[in-house]
Amino acid sequence: MQKPERKQHKDRRPLRWLPLAAALLLLAGGVTTAILLFRPQEKPAQEEKHWGMLTERQPEELVSVTVQRRGEDPWTLVRAEDGSLHPENEEGWTVSDQQASLLQETVTRLRYEEVLVGGDAASDAAYSWQNTPEDFGLADPRVTVTARFTDGTELTLHIGSDTGLEDEWHYMAVEGDDRLFAVASAVAADLDVEYALLRPIPKPEIVGALLDRITVCDSEKIIAEWQLAGSVEDRDAGCNWEVTAPFRAPADEESIRNLKKSAEDLRLGVYLAPATEENLGRYGFDIPRRVLLFHMAKGSTGTVSETGVYDVTDHEEKTVELIVGDSPDDLASYVRFGDNLYTVSTFTLQTFTSPDPMASVARYPVLTPLDSLESLTVEENGEIMEYVLQEATAEPAAEAAPSRRCFLNGQEIPYETFTAAYERLLTVTFSGRLPDDTDMEALLAKEPYRKYTFRTLSGGTHTVLLRSWDDMHDAVTVDGSTLFYLIKGGMTDLPR
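Attention shifts here to the pairing of strand β7 (residues 143-149). Where burial is concerned, most of β7 is hidden: six out of the seven residues are buried. Relative to β7, strand β2 (residues 62-69) runs antiparallel, the two being bridged by seven bridges. Looking at β7, one finds that arginine 69 is bridged to valine 143. Between β7 and the antiparallel strand that follows it, strand β8 (residues 154-162), lie four residues; glycine 152 among them carries a positive phi value of about 90°.

With that out of the way, let us pick up the nonpolar core. Within soluble globular proteins, side chains that are nonpolar generally end up buried alongside one another. In terms of nonpolar packing, the biggest core is built from 66 residues, with Phe294, Tyr387 and Phe418 touching the most fellow members. Counting residues per element, this core draws most heavily on helix α7 (residues 415-426), at five residues. Ignoring anything within four residues of it in the chain, the contact list for phenylalanine 294 reads Ile206, Leu211, Arg213, Ile214, Ala263, Leu266, Lys318, Thr319, Val320, Leu322 and Phe352. Counting residues in hydrophobic clusters, the runner-up holds 30 residues, among them Leu85, Phe149, Leu155 and Val174.

Let us look at the sheet that holds strand β3 (residues 75-79). Reading across the sheet, the eight strands line up as β4-β3-β2-β7-β8-β9-β10-β6 and stay open at both edges, with antiparallel pairing between neighbours. Here the strands that pair on one side only, and so sit at the sheet edges, are β4 (85-87) and β6 (114-117). Between one strand axis and the next, the sheet turns through 30° on average, direction left out of account.

To continue, consider a nonpolar patch on the surface. On the surface, Val304, Tyr310 and Val312 cluster together into a nonpolar patch covering about 330 Å² of accessible area. The topology assignment puts tyrosine 310 in strand β18 (residues 310-315).

This structure, assessed with the given rule, holds 14 aromatic pairs. A centroid spacing of 4.8 Å and a plane angle of 70° characterise the contact between tyrosine 283 and tyrosine 334, whose relative ring orientation is edge-to-face. Of this pair, tyrosine 283 sits in the loop between α5 (277-282) and β16 (290-296) while tyrosine 334 sits in strand β20 (residues 332-337), and the two are 51 residues apart along the sequence. For the residue pair tyrosine 283 and tyrosine 334, the accessibility class agrees, reading buried in each case. Ring geometry for phenylalanine 294 against phenylalanine 352: centres 5.2 Å apart, planes inclined by 90°, an arrangement best described as edge-to-face. Here phenylalanine 294, found in strand β16, pairs with phenylalanine 352, found in helix α6 (residues 346-353); they are 58 residues apart in sequence, far enough to count as distant. Here phenylalanine 294 and phenylalanine 352 have matching classes, each one buried. Through successive ring pairs, a cluster of aromatic residues spans Tyr387, Phe418, Tyr422, Tyr452 and Phe454. When the ring centre of tryptophan 51 is taken as reference, the NZ or CZ atom of arginine 111 above it lies at 4.3 Å.

Our next topic: the sheet that holds strand β25 (residues 411-413). The strand order β25-β24-β23-β22-β27-β28-β29-β30-β26 describes an open sheet built from nine strands, whose pairing is antiparallel. Edge positions in the open sheet fall to β25 and β26 (432-433), since each of these has one partner strand only. Bridge count between strand β22 (residues 373-380) and strand β23 (residues 383-391): six bridges; the pairing is antiparallel. Residue pairing across strands places leucine 376 opposite tyrosine 387, the latter belonging to β23. α7 rests against β22, β23, β24 (404-408), β25 and β27 (450-456) of the sheet, and its axis sits at about 80° to β24.

What counts as what
Residues numbered from 1 in each chain as written. Predicted model: local features only at pLDDT ≥ 70, side-chain atom pairs only at ≥ 80, totals over all residues. Heavy atoms only, no water. Buried < 20%, exposed > 50% of the residue type's maximum accessible area, 1.4 Å probe, protein only. Helix = DSSP H or I, 4+ residues; strand = E, 2+ residues; numbered from the N terminus. Pairing = 2+ DSSP bridges. Core = buried A, V, L, I, M, F, W, Y, C linked by side-chain atoms within 4.5 Å. Contact = heavy atoms within 4.5 Å. Axes fitted to C-alpha atoms, helices over the stretch in contact; angles between N-to-C directions. Patch = residues over 30% accessible without salt bridge, like charges linked within 9 Å, V, L, I, M, F, W, Y side chains within 5 Å. Areas by Shrake-Rupley, 256 points an atom, 1.4 Å probe, with all protein chains shown as cover. Salt bridge = Lys/Arg side-chain N within 4 Å of Asp/Glu carboxyl O. Phe/Tyr/Trp six-rings, centres within 6.5 Å; stacked < 30°, edge-to-face > 60°. Lys NZ or Arg CZ within 6 Å of the ring centre and 35° of its normal.

Here is the structure:
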């Protein structure tokens, strides 16, 4: 049997070296901290600057600027004493403020992003780009710009093609400077501007709140027209519009609202040419495709300024005329406004150039909202029911009482009862449109068996007549227009 080994006992004497070691560690840490704190900090490497300014002048130092776009004739703008730019050898207009500011800012504070060839490390090989300018789009530059300044100096620069580098930079060369630069795409775009875009574009002043007639004509006749029956100041003006051509019928309030909004949103695009006889024939105005007339009544409109002040603007009676000529493509149309021709988005015009009057006809017989109603008379089989609404007398003790009262044939009935019934009447919609082959003469010769007369607070009157059309339907005549039929009994009941 193997004899077991005796266990080795650890030395239990205290470790006298531990305090000394801890002290040495603390001392070393303090020295390291001191070195780190008092050692001079290294300065971070500065980012190398690549961009620079070719010109840094004040706008008033600019005398003129000439721009020649690839494939086009050059044009020159001259700076006037008031700081505006106007075309040389052409009178009657100045450059729009936005375009003038862009041009002046760009040529007086011209920044490059990078010197691609040349500079401090210039050599004969560095200028080899001039031997092959076509490689940089500089043999036939995208745009050449010459700026002239009050001290008699000139700056001529040529902008070429895209460098293919970051941010869509473009090559640029400056006359008198052998370097090849890269400039931002924004600089290229600000200088490569169409001459037509420099001209301020007027906006047809169409105020929707004052519109009371919209007319669309072709070269021979009126093909669509909407007209307000009453005044633009009437509280129920929105629901008093009528289609007046090519037929007559009450118009839908929402459709008219959209029509007026479309009129307000009309914008002219790009200036095309003056409306000379030659240009009128060239762009299709000898036989106009459409003539749009927007008539506005005299009135006032108000807006709240940023400071909270309510500003009122007075407007005289006015008609805005837009004449539509040819379309160069599906996106644009030529439009005459005043004495000039412009391009306009075909999409914004199509509401009026391709009108659909039937789509704007009201599809409900009752046109008068409750808050505009003064009285309602219903006549049937010799019986007359007249509902008259009156303002209630204000009484402090009855603040929760209705503000109006209702009288049926002179006797008061609960206003809430009439309100509930009238609201149901407002929801009635036509069942369908009478067929085109309906014998209207024979239909209208029938005596209506029921007549509704609505009188409004603004003095207007609407009538609804019901005539039997067949065993199940009534033909409905609204304000003299008979286009739709309604299922019998479709007009909901009023309190009796």
